[in-house]
Amino acid sequence: MSGNIKDSVLLSTFYNGKKKLRIIFHNGNIVWDSEKPPSDKYILPIENVISVHYNYLRNTHPSENREIDPNCFTIHYSERKYSKWVHKNLTLKHCDPLQVASWVKALQNHLQSFIKRPKHLLLFVNPFGGRRNALQIYEKYGKHLFSIAGVEVTVNISQRKDQIKDYIINHNLDMFDSIACVGGDGTLSELFNGLVLRECHTKGVDSDDINQNLPSPKIPVGIIPGGSTDTIAYCIHGTTDPTTAVLHIIFGDSLGLDLVSVYDEHKLLRLYASVLSYGYLGDVAYNSDKYRWMGPHRYDYSGFKKLLRNKGYQGEIAIYSESAEVQELMCSENCEKCELSKKNGCDKVVCKWQTISGTFFMLSGANISCACSRSPKGIAPYSHLVLIQVLWTCHLSEAYCAREFCFRAVGGHSRWNCDGEIQHQTNIRANNIVISGQVTYLFKQIKIN
Ligand SMILES: Nc1ncnc2c1ncn2[C@@H]1O[C@H](COP(=O)(O)OP(=O)(O)OP(=O)(O)O)[C@@H](O)[C@H]1O
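This report concerns the structure included in the present document.

Parameters at a glance
Residues numbered from 1 in each chain as written. Predicted model: local features only at pLDDT ≥ 70, side-chain atom pairs only at ≥ 80, totals over all residues. Heavy atoms only, no water. Near = heavy atom within 4 Å. Polar contact = N/O pair within 3.5 Å; in protein donor to acceptor, adjacent residues only side chain to side chain. Areas by Shrake-Rupley, 256 points an atom, 1.4 Å probe, with all protein chains shown as cover. 1 Å grid on protein atoms, 1.4 Å probe; cavity = no way out; pocket = protein on both sides within 12 Å on 5 of 7 lines; lining within 4 Å. Sits in = over half its atoms within 2 Å of the grid points. Helix = DSSP H or I, 4+ residues; strand = E, 2+ residues; numbered from the N terminus. Nonpolar A, V, L, I, M, F, W, Y, C, P; charged D, E, K, R; others polar. Domains from an automatic or database assignment. Pairing = 2+ DSSP bridges. Axes fitted to C-alpha atoms, helices over the stretch in contact; angles between N-to-C directions. Contact = heavy atoms within 4.5 Å.

1. Describing the site of the ligand
Then step 1. In the vicinity of the ligand lie 23 residues, with Ser 158, Thr 187, Glu 190, Ser 228 and Glu 421 positioned nearest.
Then step 2. For the ligand, an oxygen atom lies 2.5 Å from a polar atom in the side chain of Ser 228.
Then step 3. Protein contacts shield 93% of the accessible area of the ligand, which totals 640 Å² for the unbound molecule.
Then step 4. Among the cavities detected, the one that contains the ligand is the largest pocket.
Then step 5. It is helix H4 (residues 185-203) that contributes the most residues to the shell around the ligand, four residues altogether.
Then step 6. Residue classes in the shell around the ligand are distributed as three nonpolar, twelve polar and eight charged.
Then step 7. The residue makeup of the shell around the ligand includes at least three contributed by each of domain 2 (117-258 + 438-449) and domain 3 (260-432).

Given below as structure tokens:
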């Protein structure tokens, strides 16, 4: 049997329960329809197949070893339903074991050619974020699917804040081909901050030197939503459905994501992937932490309180931005703008510094649209995943396509909300660290449309 998907043709008739199905495998697609009308043709691209397994014979006694049924096998696959992906399976039976063997072998051979699919996954679980049910999310939506897909999962449940980051910096990760977490934006932030700092240690890069380019870790990262807002997962997957996230990890497709580094006068404070926000959102994040027992509703409660009390925040921002106005074009699958900037490179765009001072309701440097289920368009709907940009929203709701910005608070202070985490240093400098390409690779299959 050739390993080339295009060369293989298999054609057989199988029983699926009492139904007789004509099934053909050709040109990378498994196609089936029933012999008797109504014959609905189903086309399954091999890329959407999770795994192919022999079935087991039914044991007559629980102490007996499970025996393979040579006449029966199951194709596990995934199917897209709007923005979600679901797990499905098709069980096929044939009286000739040789027919079954040739199908199982051929399909398994093709699946082995998908070398980007993870085999050894290190999975961090944050039992503290969101509704505090991250472990249950993994057990309900992840464990079984990973086992069907043959992914060996090493689960690490975090015991304290920053433990995930410290673990990544200090432990040998050679035995893993991918890393993922079950949690919210703060958990993912620990993960990619750890990976970039680990890479700095390995390459001898001083992460506190703002003039140094921070290195990109190459290991792909996955996120299974288990937080409160799950903004990054929503922006990447188009949904916060955990099964969709698990399937994206299993299929191993990834996209690059820019990170922005935030410094004070002396050192690197943190990297962020979604948003850095001062003023209203900074205070909401800070204030809402007291109400964690409310789960995701803490943001509504705190947000309303802070809205009523907001008198504005004074400060001065210097922005290094593109002179052209922000185009009202949303990022989607095969986005034209992203494709163009990939082709032309971002360095060719002309930028200049400008300073704005005044009283602001909120200042947000958004790296992605920051869409979530509460706000499906997000605070920066025209952000692009492949374009280096930071959008500012200030008192006049102005937006800039920026590469870098500095902020200095004047008078009463707020704090920064950095991917949902509090940063108390008010005077900061943020710059997009990835001029040469995206810093981290996230498992994805679709982006929000
Ligand atoms: N075992 C733990 N105990 C306490 N805090 C933890 C633990 N593990 C991780 N953390 C911290 O928990 C915080 C909250 O996690 P996370 O951001 O994932 O959830 P969330 O705030 O509910 O979700 P979101 O950021 O999507 O709104 C983060 O600051 C993370 O560093």
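That covers the picture; the talk isn't over yet.
2. Re the sheet that holds strand E20 (residues 416-418)
Then step 1. Taken together, the four strands give an open sheet; going across it, the order is E18-E15-E20-E21, and neighbouring strands pair in antiparallel fashion. Where the open sheet ends on each side, the last strands, each with one partner, are strand E18 (362-366) and strand E21 (421-423). Averaged over all adjacent pairs, the angle separating strand axes in this sheet is 20°, with direction ignored.
Then step 2. In this structure, strand E15 (residues 275-279) lies alongside E18, joined through five bridges in antiparallel fashion. Within the sheet, the bridge partner assigned to Leu 276 lies in E18 and is Gly 365.
Then step 3. Helix H7 (residues 280-288) contacts E15, E18, E20 and E21 of the sheet and is inclined by roughly 95° relative to E15.

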